[in-house]
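Here is what each chain is made of, one letter per residue.
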Amino acid sequence: MNIFRLAGDMTHLASVLVLLLKIHTIKSCAGVSLKTQELYALVFAMRYLDIFTDFISLYNTVMKLIFLSSSFSIVWYMRSHKIVRRSYDKDQDTFRHWFLVLPCFVLALLVHEKFTVKEVLWTFSLFLEAVAILPQLVLLQRTRNIDNLTGQYVFLLGAYRGLYILNWIYRYITEPHYVHWILWIAGTVQTLLYADFFYYYFQSWKNNKKLQLPA
């Protein structure tokens, strides 16, 4: 494992911890899209089916368990916790996220490295993760005022994928025959979706102002 992969994993983990910190300590999910969280839960459920069949390393297994358990616990908090669910802005979080699922699944059936159930579902998870942030970004544009923890959560999510791109570049240079076009294209699309958010995030940091996205 190279430093870019490790940094990407730790940044991804930090994003989850920031969101859980907000939910546990403030007992609020204001500004957080349940639609995005449901998509991420589906992404991890499809991607980590091999946790029951393939052992790669203790680190790999632990990280899979963390992302699986945290994603479903966040969905549970936002849907069922008697205090947290009151802060969920259902009227603003109206992105029809399930419309993203079928096109991603059909694309995975058509474009994959190997036509097996596990491989198609893994590819489906890549395509779905690439667009899963869309409901969250739309919600932030509608609400405009973004609290610090929510802004940090989205920033860390985008930074994690950016670090993974550096990991792929490093592996392409150092490892013979390392080519995964599907992974690279999906990851690049995912990172580009954050471009507008990154711009306003750094503008708010530079000018020491509260983060706001244009409507």
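Residues numbered from 1 in each chain as written. Predicted model: local features only at pLDDT ≥ 70, side-chain atom pairs only at ≥ 80, totals over all residues. Heavy atoms only, no water.

Q: Where do I start with empty space enclosed by the protein in this structure?
A: The probe, sized like a water molecule, is rolled over the atoms to show the empty space still left. Using the criterion set out here, one finds one cavity of 30 Å³ or more in the structure. Considered as a void within the structure, the largest cavity measures approximately 90 Å³ in volume. Lining the largest cavity, in full, are His12, Ser15, Val16, Leu19, Gln37, Tyr40, Phe44, Ser70, Ser71, Ile74, Tyr153 and Leu157. Broken down by secondary-structure element, the contributors of at least two residues to the lining of the largest cavity are α1 (3-26), α2 (34-47), α3 (58-80) and α7 (148-174). In terms of residue count, the dominant contributor to the lining of the largest cavity is α1 (four residues). (1 Å grid on protein atoms, 1.4 Å probe; cavity = no way out; pocket = protein on both sides within 12 Å on 5 of 7 lines; lining within 4 Å. Points joined across faces, edges and corners; volume = space filled by probe spheres on them. Helix = DSSP H or I, 4+ residues; strand = E, 2+ residues; numbered from the N terminus.)

Q: How do you make sense of the packing of aromatic side chains when you look at a structure like this?
A: The relative placement of two aromatic rings is captured by the distance of their centres and the angle of their planes. By the definition in use, this model includes 19 aromatic pairs. Between Phe155 and Phe198, the aromatic rings sit 5.7 Å apart at their centres with planes inclined by 75°, giving edge-to-face as the arrangement. Taken together, the residues span a long stretch of sequence, with Phe155 in helix α7 and Phe198 in helix α9 (residues 195-206) at a distance of 43 residues. For the pair formed by Phe155 and Phe198, the shared burial category is buried. Taken together, the ring pairs in this structure connect Phe155, Tyr194, Phe197, Phe198, Tyr201 and Phe202 into an aromatic cluster. (Phe/Tyr/Trp six-rings, centres within 6.5 Å; stacked < 30°, edge-to-face > 60°. Buried < 20%, exposed > 50% of the residue type's maximum accessible area, 1.4 Å probe, protein only.)

Q: Would you mind going over helix α4 (residues 98-110) with me for this structure?
A: An α-helical turn contains 3.6 residues, so any two residues separated by three or four positions project in the same direction. Along its 13 residues, α4 runs 19 Å from first to last C-alpha, staying within 8% of the 18 Å computed at 1.5 Å per residue. The set of residues buried in α4 consists of Leu100, Val101, Cys104 and Ala108. The arc that holds the buried residues of α4, viewed along the axis, is 100°, so those residues lie on one side. Residues of α4 that are exposed and angled more than 90 degrees away from the buried face: Phe99, Leu102 and Leu110. Along its buried surface, α4 packs onto α2, α5 (117-131) and α6 (134-143). (Expected span 1.5 Å × (residues − 1). Arc of directions from axis to C-beta. Contact = heavy atoms within 4.5 Å.)

Q: Just checking my understanding: could you explain α7 for this structure?
A: Its 27 residues give α7 an end-to-end C-alpha distance of 38 Å, which sits within 8% of 39 Å, the value for a rise of 1.5 Å per residue. The N-cap residue of α7 is Asp147: its side-chain oxygen and the backbone nitrogen of Leu149 are 3.1 Å apart. (Polar contact = N/O pair within 3.5 Å; in protein donor to acceptor, adjacent residues only side chain to side chain.)

Q: Would you mind going over the layout of surface pockets with me for this structure?
A: Estimated volume of the largest pocket: approximately 980 Å³. Forming the boundary of the largest pocket are 34 residues, of which Arg5, Arg47, Asn60, Trp122 and Tyr164 lie nearest the centre. Elements with a contribution of two residues or more to the lining of the largest pocket: α1, α2, α3, α5 and α7. Among the residues making up the lining of the largest pocket, the classes are represented as 16 nonpolar, six polar and 12 charged. When its volume is computed, the second largest pocket comes out at roughly 200 Å³. Residue lining of the second largest pocket: Ile146, Asp147, Asn148, Gly151, Gln152, Tyr201, Ser204, Trp205, Asn208, Lys209, Lys210 and Leu211, and that is the complete set. Looking at the lining of the second largest pocket, the elements that each hand over two or more residues are α7 and α9. Its residues assigned to classes, the lining of the second largest pocket comprises four nonpolar, five polar and three charged. (Nonpolar A, V, L, I, M, F, W, Y, C, P; charged D, E, K, R; others polar.)

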